[in-house]
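Understanding the architecture of this molecule
Chain residues, written in single-letter form:
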Amino acid sequence: MAKELAVNPGKCIGCCTCALTCAITHHGEFNLTKAFICITRHEFDGTFAITFSSSCRGCKKCAQACPAGALRVVEAAGAAE
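Residues numbered from 1 in each chain as written. Predicted model: local features only at pLDDT ≥ 70, side-chain atom pairs only at ≥ 80, totals over all residues. Heavy atoms only, no water.

Of all hydrophobic cores here, the largest spans 17 residues; its most connected members are C12, C18, A35, I37, I39, I50 and L71. Among the secondary structure elements, those contributing two or more residues to this core are α1 (17-27), β2 (37-42), β3 (47-52) and α2 (61-65). Considering each element in turn, this core owes the most residues, four residues, to α1. When residues no more than four places from it in sequence are discounted, the contact partners of L71 are L5, A6, V7, C18, I37, I50, F52, C62, A63 and C66. (Core = buried A, V, L, I, M, F, W, Y, C linked by side-chain atoms within 4.5 Å. Buried < 20%, exposed > 50% of the residue type's maximum accessible area, 1.4 Å probe, protein only. Helix = DSSP H or I, 4+ residues; strand = E, 2+ residues; numbered from the N terminus. Contact = heavy atoms within 4.5 Å.)

Below, the structure written as structure tokens:
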């Protein structure tokens, strides 16, 4: 069955575990600037934005590492059974 990444920025706690996982997986180092995902804090309301670069490989390891459930792997909508 097809899987896709579900993103819920409202659950993000800003820990950047997803970005660090991405960087170590694809570049072999803990360096947020090398991640294909970026977590940005909105200073006025304390919420977070989750964005992906066009270089994202779709491996979904970021979702497997997310402790808050802001990123999850789910069944693709309309996936054939």
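So, on to the side chain of H26. Within the fold, H26 resides in helix α1. In this structure the side chain of H26 is engaged in a polar contact, spanning 3.2 Å, whose partner is the side chain of R57. Leave out the neighbours within four places in its chain, and H26 touches F36, R57 and C59. (Polar contact = N/O pair within 3.5 Å; in protein donor to acceptor, adjacent residues only side chain to side chain.)

As for its position among the elements, S55 is in the loop between β3 and α2. When its relative accessible area of 41% is taken as the criterion, S55 is described as partly exposed. Taking the C-alpha atoms as reference points, S55 and H42, 13 residues apart in sequence, are found 24 Å from one another.

Bringing the state of the cysteines into the picture now. Linking two cysteines covalently through their sulfur atoms gives a disulfide. With the rule as written, the count across this model stands at zero disulfides. Just so you know, C59 is unpaired, no disulfide at all, and the nearest cysteine sulfur is the one on C62, 6.2 Å from it. What makes C59 partly exposed here is its relative accessible area of 35%. Cysteine C66 shares no disulfide, and the gap to the nearest cysteine sulfur, in C15, comes to 6.2 Å. (Disulfide = S-S within 2.5 Å.)

The values are spatial; any link to function lies outside them.
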